[in-house]
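The primary structure of each chain is shown beneath.
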Amino acid sequence: MAEWKFKRFSLTGLSLLVVILLAACRPIDDQIAYFLAHGPTSVSPYVATGPSCTELEEVAQETLAGVRPLPATASFSAAERQALAMTAFGHLCELAREVGWRQSATKEEAKAAELLMDRFTEFGYSPEMQDFQVRIGSLRRQSSNIILELPGQGEGVVILGAHYDTVRNSVGANDNASGVSVLLTLAERLAQPPWSSQMVSVFPFTLRIIAFGSEETGMIGSRYYVRQLTDEELDAIKVMINFDSVGSGTFLRGPGDSWLTSLVAEIASKEGVSYTSINEGYSGSDHFSFKYDAEIPTISFFSNDKSRINTRSDTIEFINPVLLGDMVVLVLELLASLEDL
């Protein structure tokens, strides 16, 4: 009996070893990978619940209809701002509802990346994916930045960026489907007259639009992007404009280099946008990779309500569509003001 038990144990151990070796030779399922890296979790896979995007858009329209009159100095009419806001809200709803949570370096984040590639291509761009590795616990997973360009009339570069990933238990309506929705809306509008003709912009610089992956794991995507640039490519970047959690609350804020925050404050006053320039620090976002790793001037926009960020409560019901439209207006006017870069 003792000899039989020993043989049985050996066969079992050998079988287990084979299973482990086979698993090591093929991609590990995201759920298994998360378990190995973080242990058991009670969080269930994302399932879209609550009002549909159509229902939510009807509520958004009602919110926009109640906006106070614009000042006489405004360059954008109320109708134009409502159109920009609704376009952004539609992009936000698609990302937060159809994809849901987009945890860094998972198949859900990859699904979001494919959706963004499709949208940018529809706008007329030729987006490219920049793949990189992310370490999650003892595992290495793949993530991607999505990069596209709109050539301009000069040699400088202005970067518009927002991260599209989330933490595991959040659909990230504000953090950061809101920032991505602004990025998408800007990309769509900037590819059209009067801002460009035949995919060449009127600005004296090239616009580079980047959707960053894996921001929630330590700004891995933006750090990787910056570290791949040559000194000449870094010197060409004049400004980096970042959007992170710009959709919840009642007004927008923007910490960054003083000349940029002052310029945006002037534009906000002219356009009747609720905005406050601030100098205090802001919890890490992708502009850090440019500002502190490469000493590039930056401004990072966010809204005044961060109460639900990185929680299951960061849902579309708390998004203020007015802020999305205001954010697009601010940046379109800011780009038009950056003539001497």
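The text that follows walks through the structure, step by step, so that each part is easy to find. (Residues numbered from 1 in each chain as written. Predicted model: local features only at pLDDT ≥ 70, side-chain atom pairs only at ≥ 80, totals over all residues. Heavy atoms only, no water.)

**What about the state of the cysteines?**
In protein chemistry, a disulfide is the covalent bond that joins the sulfur atoms of two cysteines. Operational definition: Two cysteine sulfurs form a disulfide in these notes if their separation is within 2.5 Å. Numbering of helices and strands starts at the N terminus; helices are DSSP runs of H or I of at least 4 residues and strands are runs of E of at least 2. Each residue is placed in one exposure class: buried if its accessible area under a 1.4 Å probe, protein chains only, is under 20% of its type's maximum, exposed if it is over 50%, and partly exposed if it falls in between.
Per the counting criterion, the structure on display carries one disulfide. The side chain of C53 participates in a disulfide bridge whose partner is C93; the two sulfur atoms lie 1.9 Å from each other. Of note, the bridge from C53 to C93 carries an S-S torsion of about -105 degrees and is left-handed in sense. Linking C53 in helix α3 (residues 53-65) with C93 in helix α4 (residues 78-99), this pair joins segments that are 40 residues apart in sequence. Its relative accessible area of 22% is what places C53 among the partly exposed residues. A relative accessible area of 0% places C93 in the buried class.

**What to know about a negative patch on the surface**
Rule in force here: To count toward a patch, a residue needs a relative accessible area over 30% and no salt bridge; like charges are then connected within 9 Å, while nonpolar side chains (Val, Leu, Ile, Met, Phe, Trp, Tyr) are connected within 5 Å. Methods summary: accessible areas were calculated by the Shrake-Rupley approach with a probe of 1.4 Å, and residue burial reflects only the protein chains presented. Whenever a carboxyl oxygen of Asp or Glu lies within 4 Å of a side-chain nitrogen of Lys or Arg, that contact is scored as a salt bridge. Residues counted as positive are Lys and Arg, residues counted as negative are Asp and Glu, and His and the chain ends are not counted. By convention, the charge on Lys lies at NZ, on Arg at CZ, on Asp at CG and on Glu at CD.
Taken together, the side chains of D231, E232, E233 and D235 define an acidic patch exposed on the protein surface. Position of E232 among the secondary structure elements: in helix α8 (residues 231-236).

**What about the nonpolar core?**
Stated precisely, the cut-off is as follows: Think of a nonpolar core as a cluster: buried Ala, Val, Leu, Ile, Met, Phe, Trp, Tyr and Cys residues, connected wherever their side-chain atoms sit within 4.5 Å. In this description, contact between two residues means that some pair of their heavy atoms is separated by no more than 4.5 Å.
Among the nonpolar cores identified, the biggest contains 73 residues, and L160, L190, I241, F243, F301, L330 and L335 are the most heavily contacted of them. Per-element accounting of this core gives the leading share, eleven residues, to helix α11 (residues 321-337). Beyond its immediate chain neighbours, meaning those up to four positions away, L335 contacts V158, L160, L190, F203, F205, L207 and I241. Grouped together as the second largest cluster of nonpolar side chains are 13 residues, V157, I159, I210 and F212 included.

**Brief notes about the sheet that holds strand β3 (residues 156-163)**
To be explicit about the condition: Should DSSP find at least two bridges between two strands, the strands are regarded as paired. The axes used here are C-alpha line fits, helices contributing only the stretch in contact, and every angle between their N-to-C directions lies in the interval 0 to 180 degrees.
Spatial strand order, β1-β2-β6-β3-β7-β10-β8-β9: eight strands in an open sheet with mixed pairing. Two strands bound the open sheet, and with one partner strand each, they are β1 (128-136) and β9 (275-278). Shown here is a sheet whose adjacent strand axes are inclined to one another by a mean of 20 degrees, direction ignored. One ladder, built from four bridges, connects strand β7 (residues 237-243) with strand β10 (residues 298-303); its direction is parallel. Paired with N242 across the strands is S300, a residue of β10. On top of the sheet, helix α6 (residues 173-190) reaches β2 (139-150), β3, β6 (205-212), β7 and β10; it is set at about 140 degrees to β3, its chief contact. Sitting on the sheet, helix α10 (residues 287-294) touches β3, β6, β7 and β10, and the angle it makes with β10 is about 150 degrees.

**Description of the pattern of salt bridges**
This model, assessed by the stated rule, comprises nine salt bridges. Two residues, E149 and R208, come together in a salt bridge whose shortest N-O distance is 2.6 Å. Within this pair, whereas E149 is found in strand β2, its partner R208 is found in strand β6, the two being separated by 59 residues in sequence. By relative accessible area, R208 is classed as buried at 12%. Two residues, R308 and D305, come together in a salt bridge whose shortest N-O distance is 2.4 Å.

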